[in-house]
Amino acid sequence: MTVFKSDYQLSKKQKLFLFSAIVLALILALYYVVSHLYSTDFGHDESRYINMAQQLVEKHIYGYSSEVPNAFVPPGYPLFLSFCYLIFGFSPRGLAAIRIIQTIFSVLTVYLTFVFSSKLTENNTVGIISAFLIALNINFYSYTFSFLTENLYFFLMMIFAVFFLFTARQDKLWPHFISGILFSACIMVRSAIFPIILTVYIPVFIKYKNEKKVALTRFLLFVAGFIVLALPWWVRNAVVLHEFIPFCKQDHIFFAGLAEDIYSLGYSQPNGIVGNIAVFFDLLGKDPVGTLSWATLGKFKVIFLDYGNSINELFSEFVSCITVFCGLPICIKGLFCKENRWAFITFFIYLLTVFFGVPSQRYGLQFMFFLSACAAYTFYIIFSSKGVFSKLNDNR
C-alpha cells in the first residue's frame, strides 16, 4: 500500500462497478429518505438543533437548548440548517429539501470514499470495494433523514481527506491553505478530529526533509486557512461570551464516559480536565479491571458492534464487522510499515478521541471510511491470488 503516487485510469469495467456502487447508494438513500421525507417525528437532539436553527434565524440568538447565547455545540451544522431554512422556509417542504440535500451528500460521500481509497492505495479495485462497503452499510442512511451532524460531517471529512491526499503530493502552495479551510470546516461541525493536526503534516515534513522551510511554509499555510474559517466563531465567543472557546464547551462528555453509568456510582461532575483525570484514577483504584474493561473493550463494543435486532440493523452490523475486523489488522500492520506509518498513526490518534467520551454507535461510523479502504485492501490481497479480480483489473 503506497501513498502519494501517480494516478491510474479507470477501465470500462471499473467505471461500471463504481457506477453500480453509486446507484446502489442512491437507491438505498432514497428508500429511507422518501419514507421520512415530511416526517416531524424528531429525536431529542434533532429537536434541539431544529429549534436552535429557527431561533438563530428569527431572533439571531445562537444558543443550543437555550434562549441565552452559548457555545455548547460547534456552529457548522446549526448554520447549515439556518441557511437551508432561510432558503426553503420552516415547513414540511423545507424539511424535505434538507433531507434531499443530505441524500446528495450521502451519495457523494460514497464516491469520495472510492477516490480516497483508490488514491491512498493506488488501486482502483480497492477503491471500488471500499465504496461498496460504505454503500452497503445501511446505518449511514438513517442520517440522511435525521437532523444530526453526522451526514454533513462525513461529507466534509471525506472532502478534506481526498483534497489533502491531493495536496500532500503537489508542489503548489495554495492547496495547503484550502486544506486548512476544509479541516476547519470539519471541526466546526464536529471537533473530535482536531487532534490529528499533531501528525497529519508529518508526511509532508518527511517529503521535504531536506527543505524544512518549504515544509514549514506549507504547514503554516494550512494553519492560516484553518484560522481564517474559525476566526469569526472565536470572535463571536470572545464578544458575546467573554471567553476564548475554540470549538465548543462540553466538559460533561469526558466525565460521563468514565464509567458505564458514572452517576450511579455517586460521583458528581468535577471542574476541568484535571478533575476528570482524578475521578478516572479513583475509579481505577477501586475497580481496575472493570474500569479498564469499560474504557477499552466495553466502549469498543458500543461504538462498533451495538446495532440492534432488526433485519436492517443486523445487516449493518454484518457489514460493519467485515469492515472493522478486516480493516483493523491492516491498520495495525501499517504502524510497522515505514513508508505509511504516519497515516496509520494519524488514524489511531483519531480513533482514540472517541474513547475519551461517552461511547455511541453513531460515533463509530466516522472511522468506517478509512477502515473500508483497509478492509478492501485485505480482500484484494486475498482474492487477487485466486484470480477473482483479474477481469475487474483488466484495463480494457
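About the cut-offs
Residues numbered from 1 in each chain as written. Predicted model: local features only at pLDDT ≥ 70, side-chain atom pairs only at ≥ 80, totals over all residues. Heavy atoms only, no water. 1 Å grid on protein atoms, 1.4 Å probe; cavity = no way out; pocket = protein on both sides within 12 Å on 5 of 7 lines; lining within 4 Å. Points joined across faces, edges and corners; volume = space filled by probe spheres on them. Helix = DSSP H or I, 4+ residues; strand = E, 2+ residues; numbered from the N terminus. Nonpolar A, V, L, I, M, F, W, Y, C, P; charged D, E, K, R; others polar. Polar contact = N/O pair within 3.5 Å; in protein donor to acceptor, adjacent residues only side chain to side chain. Buried < 20%, exposed > 50% of the residue type's maximum accessible area, 1.4 Å probe, protein only. Contact = heavy atoms within 4.5 Å. Salt bridge = Lys/Arg side-chain N within 4 Å of Asp/Glu carboxyl O. Expected span 1.5 Å × (residues − 1). Bend = angle between axes of the 7 residues up to and from the residue. Core = buried A, V, L, I, M, F, W, Y, C linked by side-chain atoms within 4.5 Å. Axes fitted to C-alpha atoms, helices over the stretch in contact; angles between N-to-C directions. Parallel < 35°, antiparallel > 145°, perpendicular 65-115°, else oblique. Left-handed = near helix turned anticlockwise from the far one by under 90°.

S.K.: Explain the layout of surface pockets to me, please; I cannot follow it from the model alone.
M.R.: Once rolled over the atoms, a probe with the size of a water molecule shows which space is left empty. Approximately 1300 Å³ is the volume attributed to the largest pocket. In terms of lining residues, the largest pocket is bounded by 37 residues, among which Ser191, Cys248, Gln250, Ile253 and Phe254 are the most central. If you list the elements that add at least two residues to the lining of the largest pocket, you get helix 2 (44–59), helix 10 (252–256), helix 11 (272–286), helix 14 (341–354) and helix 15 (361–364). Along the lines of polarity and charge, the residues of the lining of the largest pocket split into 22 nonpolar, nine polar and six charged. Estimated volume of the second largest pocket: approximately 680 Å³. Around the second largest pocket, the lining comprises 30 residues; the ones closest to its centre are Phe116, Val200, Ala343, Thr346 and Phe370.

S.K.: So what exactly am I meant to see when it comes to the side chain of Asn70 here?
M.R.: Residue placement: Asn70 occurs in the loop between helix 2 and helix 3 (76–88). From its side chain, Asn70 meets the backbone nitrogen of Phe72 in a polar contact 3.4 Å long.

S.K.: Whenever I open this one, the environment of Arg190 confuses me. Can you help?
M.R.: Within the element layout of this structure, Arg190 appears in the loop between helix 7 (174–187) and helix 8 (202–207). Taking relative accessible area as the criterion, Arg190 reaches 13% and is therefore assigned buried. Those residues in contact with Arg190 that lie beyond four places of it in its chain are Thr149, Glu150, Tyr153, Tyr363 and Gln366. Among the polar contacts listed, one links the side chain of Arg190 to the side chain of Glu150, at a separation of 2.8 Å.

S.K.: What exactly am I supposed to notice about the pattern of salt bridges here?
M.R.: Side chains that carry opposite charge are capable of pairing whenever their charged atoms lie near each other. Within this structure, the stated rule accounts for six salt bridges. Of the charged contacts in the structure, one is a salt bridge between Glu150 and Arg190, with a shortest N-O distance of 2.8 Å. In this pair, Glu150 sits in helix 6 (residues 150–168) while Arg190 sits in the loop between helix 7 and helix 8, placing the two residues 40 residues apart along the sequence. Looking at Glu150, the relative accessible area reads 0%, which means it is buried. Ionic contacts of the salt-bridge type, sharing partners, join the residues Asp45, Glu150, Arg190 and Arg362 into one network.

S.K.: Can you help me understand helix 12 (residues 288–305) in this one?
M.R.: The α-helix advances 3.6 residues per turn, and as a result positions three or four apart in sequence lie on the same side. For helix 12, spanning 18 residues, the distance from its first C-alpha to its last is 24 Å, which sits close to the expected 26 Å at 1.5 Å a residue. Of all the bends found along helix 12, the most pronounced is centred on Trp294 and spans about 45°. Buried residues along helix 12 sit in contact with helix 11, helix 13 (311–334), helix 14, helix 15 and helix 16 (368–384).

S.K.: I'm lost on the nonpolar core in this one. Help?
M.R.: What tends to happen in soluble globular proteins is that the nonpolar side chains get buried as a cluster. The biggest cluster of nonpolar side chains holds 109 residues, and the ones touching the most others in it are Leu81, Phe183, Ile193, Phe304 and Phe347. Looking at which element gives the most residues to this core, the answer is helix 6, with 14 residues. Grouped together as the second largest cluster of nonpolar side chains are seven residues, Leu258, Ala259, Ile262 and Leu283 included.

S.K.: Looking at this structure, how should I read the environment of Tyr201?
M.R.: Positionally, Tyr201 belongs in the loop between helix 7 and helix 8. Remark: the alpha-carbon pair of Tyr201 and Ser146, spanning 55 residues in sequence, is separated by 34 Å. Non-local contacts of Tyr201, meaning those with residues more than four positions away in its chain, are made with Phe164, His176, Arg218, Phe219 and Phe222. In terms of polar contacts, Tyr201 uses its side chain to reach the side chain of His176, at 2.7 Å.

S.K.: Explain the packing of helix 4 (residues 92–121) against helix 6 here, please?
M.R.: A packed helix pair is summarised by two numbers, namely the angle formed by the two axes and the spacing between the axes. Following both chains from N to C, one finds helix 4 and helix 6 inclined at 30°, their axes separated by 9 Å at the closest point. Put simply, helix 4 runs roughly parallel to helix 6. Considering the relative orientation of helix 4 and helix 6, their crossing is left-handed. For the pair helix 4 and helix 6, contact is made by Gln102, Phe105, Ser106, Leu108, Thr109, Leu112, Thr113, Val115, Phe116, Lys119 and Leu120 and by Asn151, Leu152, Phe154, Phe155, Met158, Ile159, Ala161, Val162 and Leu165, respectively. For the contact of helix 4 with helix 6, the residue count by class is 14 nonpolar, five polar and one charged.

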